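# Results of the structural survey
Residues per chain, in single letters:
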Amino acid sequence: MFALTFNLQNFLIDIKGPALAFLPVLAFEGGTRRNIPKFEAGTLLYVRVVKANPGMNPELSCTDASGKAAEFGALKDGYMFECSTGLSRMLLSSPTCPVLEALGKKLSFEIAVGLNGRVWVNSNSPSIVIIVANAIMNSESLSGVQQKIMAEKLLQKIQND
């Protein structure tokens, strides 16, 4: 999600939907009127949808159901790309997506996947970010077995270089 604008009570966020969503300034762990987070326009945020009704802007939150920040908030560094919602659902599926499972055994990276098709990848090494992002994008039309084979070949090629 991208932070777009801010007024005294809400951030307006682009969630790739038909309308902008709003993120109340108090929807953060420890959020008070005096402790308002500061986000530049274009900041990438990992949020959850609290309410979505027809004819209303969706309401977002940066806390889990118990009010804790958990993994929600600003995503720093890394690389964000867009994919189909079908691929994002596959990445979030259980059991773990084969391409993520294979890459995760050998490479160290962080990933945040939104049901809206936005995927964020981060690692200490820019080359790992590129490898993971490309592997994910190339895995969409592959079966689970094909994803594992692709990831294993990719990892072998990296080790040989």
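Residues numbered from 1 in each chain as written. Predicted model: local features only at pLDDT ≥ 70, side-chain atom pairs only at ≥ 80, totals over all residues. Heavy atoms only, no water.

Counted by the stated rule, this structure contains five aromatic pairs. With 5.9 Å between their ring centres and 25° between their planes, tyrosine 79 and phenylalanine 81 make a pair best called stacked. The exposure class of phenylalanine 81 is buried, given its relative accessible area of 4%. (Phe/Tyr/Trp six-rings, centres within 6.5 Å; stacked < 30°, edge-to-face > 60°. Buried < 20%, exposed > 50% of the residue type's maximum accessible area, 1.4 Å probe, protein only.)

What follows covers the confidence of the model for the protein chain. Averaged over every residue, the pLDDT of the protein chain is 90; residues scoring 70 or more account for 95%. Across the protein chain, the secondary-structure element scoring lowest on mean pLDDT is strand S1 (residues 2-6), at 65, and the one scoring highest is strand S10 (residues 118-122), at 97. (pLDDT = per-residue confidence, 0-100. Helix = DSSP H or I, 4+ residues; strand = E, 2+ residues; numbered from the N terminus.)

On to helix H3 (residues 126-138). Over its 13 residues, H3 runs 18 Å from end to end, which matches the ideal 18 Å to within 8%, given 1.5 Å per residue. Here H3 has its buried residues at Ile128, Val129, Ile131, Val132, Ala133, Ala135 and Ile136. (Expected span 1.5 Å × (residues − 1).)

Of note, the bond from serine 94 into proline 95 is cis; its omega dihedral lies within 30 degrees of zero at 5°. Turning to its location among the elements, proline 95 is positioned in the loop between helix H1 (85-92) and helix H2 (98-106). Positive phi outside glycine occurs at lysine 16, with the angle close to 65°. Structurally, lysine 16 can be placed in the loop between strand S2 (10-14) and strand S3 (21-24). Unlike most non-glycine residues, aspartate 77 shows phi in positive territory, near 55°.

As a further point, take the pairing of S10. Of all five residues in S10, five are buried; the element is thus mostly enclosed. A two-sided burial pattern is seen for S10, the buried positions comprising Arg118, Trp120 and Asn122 on one face and Val119 and Val121 on the other. When strand S8 (residues 79-82) meets S10, the two strands line up antiparallel, connected through four bridges. Note on S10: the bridge partner recorded for glutamate 82 is arginine 118. As paired strands, strand S9 (residues 110-113) and S10 are joined by four bridges and run antiparallel to one another. Counted as the bridge partner of valine 113 is valine 119 from S10. Hairpin remark: S9 followed by S10, antiparallel, with four residues in the connecting loop; positive phi at glycine 117, about 95°. (Pairing = 2+ DSSP bridges.)

A sheet is described by the order of its strands in space; here three strands give the open sequence S8-S10-S9, paired in antiparallel fashion. The strands lining the two open edges of the sheet, one partner per strand, are S8 and S9. The average undirected angle you get between the axes of adjacent strands in this sheet is 20°. Where H3 meets the sheet, its contacts fall on S8, S9 and S10, and the angle it forms with S8 comes to roughly 10°. (Axes fitted to C-alpha atoms, helices over the stretch in contact; angles between N-to-C directions. Contact = heavy atoms within 4.5 Å.)

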